[in-house]
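Listed here are the chains, written in short residue letters.
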Amino acid sequence: VLLGIPPEKIMHVFSNYPTLISVDINTIKNNIKSSSKLLKMNEQDFIKLCKCQPSLLYMSPTNLNKNTENLKKRYKFSHNNFLKLITICPYLLYAKSTTIENNIQGLMKILSISEKDCLKIIQKQPRLLSRDCKQLETRMKKTAKLLNIDYKKFVSLAIKQVNLIYQNPETIYNNVKE
């Protein structure tokens, strides 16, 4: 049993992450041990992240640590806040720093907010960093149109209620209509 995943579901993991097939089980175990230590979290918590993002199993702990430290330093996240972010969005552990930076800049632009305010929103909803900002903007414009609200007014609402940024426009419309 790998990571507490039943044998019948292992093939599903391997089909989605074929690189895992070629990684030695001892390398995976060492990566778990080293990565969890570098992230200052227990192994079971790191394994939970790996179940969401199996690619973390074959990522070099050194690269993982480098990405982590760069992200924490650049955005001044405390260790505890950083752990909260990666627990919700493990993608942040292996995303390129330029991708994260571009997504933050994109969010700042579409929401017309400062970096400080953007980081507050990201702490509420870290998954926004894994979303394409142009798609988010398109989605918000569609929602504003469905609700017959000025786009800028809708953005101000979305800043207060972050799920409006990414939620399906029809779902929001139906919830409001009821």
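Everything below is about the structure shown above.
Conventions used here
- Residues numbered from 1 in each chain as written.
- Predicted model: local features only at pLDDT ≥ 70, side-chain atom pairs only at ≥ 80, totals over all residues.
- Heavy atoms only, no water.
- Axes fitted to C-alpha atoms, helices over the stretch in contact; angles between N-to-C directions.
- Helix = DSSP H or I, 4+ residues; strand = E, 2+ residues; numbered from the N terminus.
- Parallel < 35°, antiparallel > 145°, perpendicular 65-115°, else oblique.
- Left-handed = near helix turned anticlockwise from the far one by under 90°.
- Contact = heavy atoms within 4.5 Å.
- Nonpolar A, V, L, I, M, F, W, Y, C, P; charged D, E, K, R; others polar.
- Core = buried A, V, L, I, M, F, W, Y, C linked by side-chain atoms within 4.5 Å.
- Buried < 20%, exposed > 50% of the residue type's maximum accessible area, 1.4 Å probe, protein only.
- Salt bridge = Lys/Arg side-chain N within 4 Å of Asp/Glu carboxyl O.

S.K.: What exactly am I supposed to notice about the packing of helix α4 (residues 61-75) against helix α6 (residues 97-111) here?
M.R.: Helix-helix packing is described using two parameters, namely the angle between the two axes and the distance between the axes. Contact geometry for α4 and α6: axes closest at 11 Å, N-to-C directions at 30°. Regarding the angle of α4 to α6, the classification is roughly parallel. Relative to α6, α4 is oriented so that their crossing is right-handed. Together, Leu71, Arg74 and Tyr75 of α4 and Ile100, Glu101 and Ile104 of α6 make up the contact between the two elements. Considered class by class, the residues forming the contact of α4 with α6 number 4 nonpolar, no polar and 2 charged.

S.K.: Before we go on, may I ask you to explain the nonpolar core in this structure?
M.R.: Soluble globular proteins: nonpolar side chains tend toward being buried together. One finds Phe46, Leu92, Ile104, Leu107, Leu111 and Ile165 to be the most contacted residues of the largest nonpolar core, which totals 54 residues. At 6 residues, the largest contribution of residues to this core is made by α6. When neighbours within four sequence positions are excluded, phenylalanine 46 is seen to be in contact with Asn31, Ile32, Ser35, Ser36, Leu39, Met41, Leu56 and Leu64.

S.K.: Hey, could you run me through the pattern of salt bridges in this one?
M.R.: Between side chains of opposite charge, pairing is possible as soon as their charged atoms come close. Under the definition given, this model contains 7 salt bridges. Between glutamate 69 and lysine 72 there is a salt bridge, and its shortest N-O distance comes to 3.6 Å. Of this pair, glutamate 69 and lysine 72 both sit in helix α4, 3 residues apart, which is roughly one turn of that helix. The class of glutamate 69 is partly exposed, set by a relative accessible area of 36%. Take lysine 72: its relative accessible area is 11%, and that puts it in the buried class. The shortest N-O distance in the salt bridge between aspartate 117 and lysine 120 comes to 4.0 Å. Of this pair, aspartate 117 and lysine 120 are both found in helix α7 (residues 115-124), 3 residues apart, which corresponds to roughly one turn of the helix. Given a relative accessible area of 34%, aspartate 117 falls into the partly exposed group.

S.K.: Before we go on, may I ask you to explain the side chain of glutamine 125 in this structure?
M.R.: If you trace the backbone, glutamine 125 turns up in the loop between α7 and α8 (133-147). Of the residues examined, glutamine 125 reaches a relative accessible area of 13% and is grouped as buried. In contact with glutamine 125, not counting residues within four places along its chain, are Val162 and Tyr166.

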